[in-house]
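Architecture and fold: a report
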Amino acid sequence: MDHYYCRHDLAKFSDMGKESPALWEKFLGWYNAVFAEGALSEREKSLIALAVAHTVQCPYCIDAYTTACLEKGSNLEQMTEAVHVAAAIRGGSSLIHGVQMRNIVEKLEM
Amino acid sequence: MPVLEKGTLLKRHSPLAPASEQLRIIDSAGVVPSFDDLLRQNGLSPLCASGIEIFQINVGKRCNQVCGHCHVDAGPDRLEIMTQETAAECVCALERTSIPKVDITGGAPELNPNFRWLVEQARRLERHVMDRCNLTVLLLKGQEDLAGFLALHRVEVICSLPYFQERETDRQRGEGVFHRSIEALQKLNALGYGMPGSGLVLNLVHNPVGAFLPPPQAALEADFRRVLDHKFGIQFNHLFCITNMPISRFLEFLLRSGNYEHYMERLAQAFNPQAVTGLMCRNTISIGWDGRLYDCDFNQMLDLGVGFSAPRHVSAFDISALNSRRIVTARHCFGCTAGAGSSCVGATAGAA
C-alpha cells in the first residue's frame, strides 16, 4: 500500500458492510433516500454533495460527485460555482473567527 | 499524445480502424461480463426482434465533420457511400412491406447524391421519414435549399446538439460547430420546424461529452428548452439522450484517456433489465451503405451482420424471416442497457 488514497478503493466502499451488515444497510437506505429526487432535484443534491466533498476534502467523494454532476447534466461552469460556494464558506468561516480574535484582543489590551 | 486526434481513424491509419480490432478489444473477457450471460441471468435470453417498425438506412460514411465520439468513423475522407442501385434495392424492399418509419443516417446522409431521391421515394410510399442531421450540413455551399426540401417532404429532423453551450459542443464536434448549429436551428425554426402546430418535427440529440452516462432525459430537455429559448429564441420538440458507444473514435478516446475499463464497468454496473424490452434492435433493421443488413447501426460499424440464418442483404429482404430474428450481441450492447437505456430515440426505460 504505497498511497493512503487509491481510486480503485472507491469500488470497495461496500466492504464496510462486511462486519456490520445491519448498520451498512441502514446507512445505505438513508443515503439513497437523501439523494433521491425530492423538494430538491437529484442534480441540485449532487452539486451540494460536490461542494461538501471539497469542504471535507474527500478524494473519493470528489471523484464520485464530479461524475454524478456530469451524469445529472451539470456543466463545468456550474460545478466550479459550487466549489466556489464551498470555498467561500470555508474562507468566511475563517474570517468570522477573527471576531473571536478581536474579542480577546479587546479584553487583553489596555 | 493528445487524447482526441484530428481526422478519421482510417485516414490516420489507426490500428483501431478495422472493426475486427475494435471488436477484439471490447469483447475480450476480463473487464465486464458477457452481455449474453447477463441476459441469461435476468431471464431475457435469447434476445429477439419483435417486428420491424424502423427501416434505418445508413447511406454512407461521408461527413463534413469529424466528431470525437463518432461511432461511424465518418469524415470528409470517407468514400463509402450508397449507390443509386442499392438505394433502389432499399426502396424495392420497403415497397414490399408496411414498415411505417424510414430513418436515414450516415455520416451526413444529406451528402449522399441519392439522399433526396430516397426521401421522395419513401414519402411516395407514405412512410414517415427521419433524417439524422448534423445541423452544419444545412449551411454548406450547395445545400442552401436542403432545409426547405426537408420541410416540403415533412421529414422529421433529428439533430445532434450535445449541449446548450459552446464549450461542450465544440469539444465534441469541432471548433465553431456550436454557433453554426445554432444558426442552422434558427433556419429550421424559420421554416416552422419545432414550432407548435406546424407538424414539422425537430428533435435534438444529446451525447455526453466524455466518459460518463447521459443525464435523465426529461431534466436535461427542460434545461435545453430554457437556455436555447432564452439565449437564441430556438424551439424544438424533444431531446433524445444517447449513450456513447465504446466503439470507433469514442473507443479511441476511452483508451487514450485511460477511461476505457472504468467506462465499461460503469456501463455493465448500470445494466437495467427494464431497458432490454425497448432496445432499438428489437424493432429496427439497419441497412449498410453496401446493402448489407444489421440489427443496429452499432453492429453495422462492428461488421456484425444479422445472424442466425436471417437474410444478409437488402436485395434478399424477407420480412417474415427478419421479424423475429435473433439479435447478434457483444459487450458494446451494455451501452444501450445502461441506466435509463439508450436508443436512436433516446432513453427507453426508467433509470435502474
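Whatever comes next refers back to the structure up there.
All of the points below concern the structure found in this document. This one's a predicted model, so the numbers in the text were calculated from it and none came from an experiment.

Reading the values: rules and limits
Per chain, residues are indexed from 1 in the order of the written sequence. Going through the entries in the order they are written, you letter the chains from A and number the ligands from 1. Only residues with pLDDT of at least 70 are given local features in this predicted model, and only at 80 or more are side-chain atom pairs given and counted; all residues enter the totals for whole chains, interfaces and linings. Think of the side-chain values as coming from all heavy atoms in the structure, minus any hydrogens and water. In this text, helices come from DSSP runs of H or I with a minimum length of four residues, and strands from runs of E with a minimum of two, each type numbered from the N-terminal end. Two things to know: the radius of gyration comes from C-alpha atoms, and the globule rule equals 2.2 Å times the number of residues to the power 0.38. Contacts between residues were defined by any pair of non-hydrogen atoms, one from each residue, lying within 4.5 Å. Only the protein chains shown count as covering a residue, and every accessible area follows the Shrake-Rupley method with a 1.4 Å probe. In this tally Asp and Glu are treated as negative and Lys and Arg as positive; neither His nor the chain ends contributes. Charge placement uses NZ in Lys and CZ in Arg. For Asp and Glu, CG and CD serve respectively. A fitted line through C-alpha atoms represents every axis, and for helices the fit uses only the stretch in contact; the resulting angles, taken between N-to-C directions, go from 0 to 180 degrees. For classification purposes, an angle smaller than 35 degrees is called roughly parallel, one larger than 145 roughly antiparallel, one from 65 to 115 roughly perpendicular, and anything else oblique. For any pair of crossing helices, the crossing counts as left-handed if the nearer helix is rotated counterclockwise from the farther one by less than a right angle, and right-handed if it is rotated clockwise. Just so you know the grouping, Ala, Val, Leu, Ile, Met, Phe, Trp, Tyr, Cys and Pro go in nonpolar, Asp, Glu, Lys and Arg go in charged, and all remaining residues, Gly too, go in polar. A simple way to read buried area is as the amount of 1.4 Å-probe accessible surface that goes missing from two parts once joined, with both sides added. One speaks of a salt bridge when a side-chain nitrogen belonging to Lys or Arg is within 4 Å of a carboxyl oxygen belonging to Asp or Glu. By the criterion applied in these results, polar contacts are pairs of N or O atoms within 3.5 Å in which, for protein atoms, one can donate a hydrogen and the other can accept it, and in which residues neighboring in sequence qualify only through two side-chain atoms. For Phe, Tyr and Trp, rings pair up if their centres lie within 6.5 Å, where Trp contributes its six-membered ring, and each pair is then called stacked (planes under 30 degrees apart), edge-to-face (over 60) or tilted (otherwise). The buried label applies to any residue whose accessible area, calculated with a 1.4 Å probe on protein chains only, is under 20% of its type's maximum; exposed applies above 50%, and partly exposed to all values in between. Whether a charge sits over a ring depends on NZ of Lys or CZ of Arg being within 6 Å of the ring centre and within 35 degrees of the ring normal. If DSSP finds at least two bridges between two strands, the strands pair. For the handedness criterion, the strands are oriented away from the viewer, and a crossover whose path from the first strand over the helix to the second runs clockwise is classed as right-handed. Buried residues of nine kinds, namely Ala, Val, Leu, Ile, Met, Phe, Trp, Tyr and Cys, make up a nonpolar core once their side-chain atoms join them within 4.5 Å.

Secondary structure assignment for chain A yields five helices and zero strands. A compact globule built from 110 residues should have a C-alpha radius of gyration of about 13 Å, whereas chain A, at 19 Å, is more than 25% larger. Based on the C-alpha atoms only, the size of chain A along its principal axes is roughly 60 × 35 × 35 Å. A sequence separation of at least 24 residues applies to 50% of the contacts in chain A between residues at least 6 apart. Accessible area of chain A: about 8300 Å², with a carbon and sulfur share of 64%. Treating the 10 positive side-chain charges of chain A as one cloud and the 14 negative ones as another, the clouds have centres 4 Å apart.

Right, let's get into the packing of helix 2 (residues 42-56) of chain A against helix 3 (residues 59-71) of chain A. All names here are of chain A. At a minimum axis distance of 9 Å, the contact between helix 2 and helix 3 shows a crossing angle of 155°. In terms of axis orientation, helix 2 runs roughly antiparallel to helix 3. Where helix 2 crosses over helix 3, the two elements pack in a sense that is left-handed. Here helix 2 contributes S46, L47, A49, L50, A53 and H54 to the contact with helix 3, which in turn contributes C61, I62, Y65, T66, A68 and C69. Its residues assigned to classes, the contact of helix 2 with helix 3 comprises nine nonpolar, three polar and no charged.

Each partner contributes residues to the interface: chain A has 12 residues there, and chain B has 14 residues. In total, about 1000 Å² of surface goes out of reach between chain A and chain B, with carbon and sulfur atoms giving 42% of it. Taken as a group, R7, E71 and N75 of chain A account for 46% of the area that chain A buries against chain B, more than any other trio of residues on that side. For the pair chain A and chain B, the number of links is two salt bridges. Here D223 of chain B makes a salt bridge to R43 of chain A, at a shortest N to O gap of 2.2 Å. Put simply, chain A and chain B have six residue pairs in polar contact (both at pLDDT 80 or more) between them.

Counting across every chain of the model gives 18 aromatic pairs over all chains. Taken together, a centroid distance of 6.2 Å and an interplanar angle of 80° make the contact between F35 of chain B and F271 of chain B edge-to-face. Placement of the pair is F35 of chain B in helix 2 (residues 35-41) and F271 of chain B in the loop between helix 10 (260-269) and helix 11 (274-277), with a sequence separation of 236 residues. Per residue, the accessibility class of F35 of chain B equals that of F271 of chain B, and both read buried. Taking 6.3 Å as the distance between ring centres and 85° as the angle between the ring planes, the aromatic pair formed by Y163 of chain B and F224 of chain B counts as edge-to-face. Within this pair, whereas Y163 of chain B is found in the loop between strand 4 (156-160) and helix 6 (166-173), its partner F224 of chain B is found in helix 8 (residues 217-232), the two being separated by 61 residues in sequence. The buried category is assigned to Y163 of chain B, whose relative accessible area is 4%. Taken together, the ring pairs connect F13, W24, F27, W30, Y31, F35 and Y65 of chain A into an aromatic cluster. When the ring centre of F149 of chain B is taken as origin, the NZ or CZ atom of R116 of chain B, which lies over that ring, is 5.1 Å away.

Moving on: the pairing of strand 6 (residues 238-241) of chain B. Residues and elements named next belong to chain B. Pairing analysis gives four bridges linking strand 5 (residues 202-206) to strand 6, with the strands arranged parallel. Looking across to strand 6, one finds that V205 is bridged to F240. One crossover worth recording links strand 5 to the parallel strand 6 by way of helix 8, and it is right-handed.

Sheet strands pair by backbone hydrogen bonding; their relative direction is either parallel or antiparallel. Residue and element names in this part refer to chain B. Across the sheet, eight strands lie side by side as 6-5-4-3-2-1-7-8; this open sheet has mixed pairing. The open sheet has two edge strands, strand 6 and strand 8 (293-294), and neither has a second partner. Sheet topology note: the strand 2 (residues 101-105)/strand 3 (residues 128-133) ladder contains four bridges and is parallel. Counterpart to D103 in the pairing with strand 3 is M130. Contacting strand 1 (54-58), strand 2 and strand 7 (284-287), helix 3 (residues 84-95) crosses the sheet at an angle of about 175° to strand 1.

A few words on the environment of T97 of chain B. Tracing the backbone shows T97 of chain B in the loop between helix 3 and strand 2. Once the C-alpha coordinates of T97 of chain B and S320 of chain B are considered, the two residues, 223 residues apart in sequence, prove to be 9.9 Å apart.

Moving on: the nonpolar core. Of all hydrophobic cores here, the largest spans 107 residues; its most connected members are F55, L138, L188, L204, F224 and F317 of chain B. Residue contacts for L204 of chain B: discarding those within four places in its chain leaves C159, L161, L185, F224, L228, F236, H238, L239 and F240 of chain B. Residues L47, A49, L50 and A51 of chain A belong to the second largest nonpolar core, which totals 10 residues.

Before going further, it helps to examine the environment of E168 of chain B. Structurally, E168 of chain B can be placed in helix 6. Each C-alpha atom of the pair E168 of chain B and P208 of chain B lies 9.0 Å from the other, and the pair is 40 residues apart in sequence. Apart from the residues lying within four places of it in its own chain, the contact partners of E168 of chain B are N75 and L76 of chain A together with Y163 and V209 of chain B.

Turning to the pattern of salt bridges, a few remarks are in order. Counted by the stated rule, this structure contains 24 salt bridges over all chains. The residue K18 of chain A makes a salt bridge to D15 of chain A at a minimum N-O spacing of 3.5 Å. Residue classification places D15 of chain A among the partly exposed residues on the basis of a relative accessible area of 34%. The closest approach of N and O atoms between R40 of chain B and D37 of chain B, which form a salt bridge, is 2.8 Å. Taken together, the positions of R40 of chain B and D37 of chain B, both in helix 2 and three residues apart, correspond to about one turn of that helix. Given a relative accessible area of 33%, D37 of chain B falls into the partly exposed group. Linked by salt bridges that have partners in common, D73, R78, E80 and R249 of chain B make up one network.

Any functional reading would require information beyond the geometric quantities listed.
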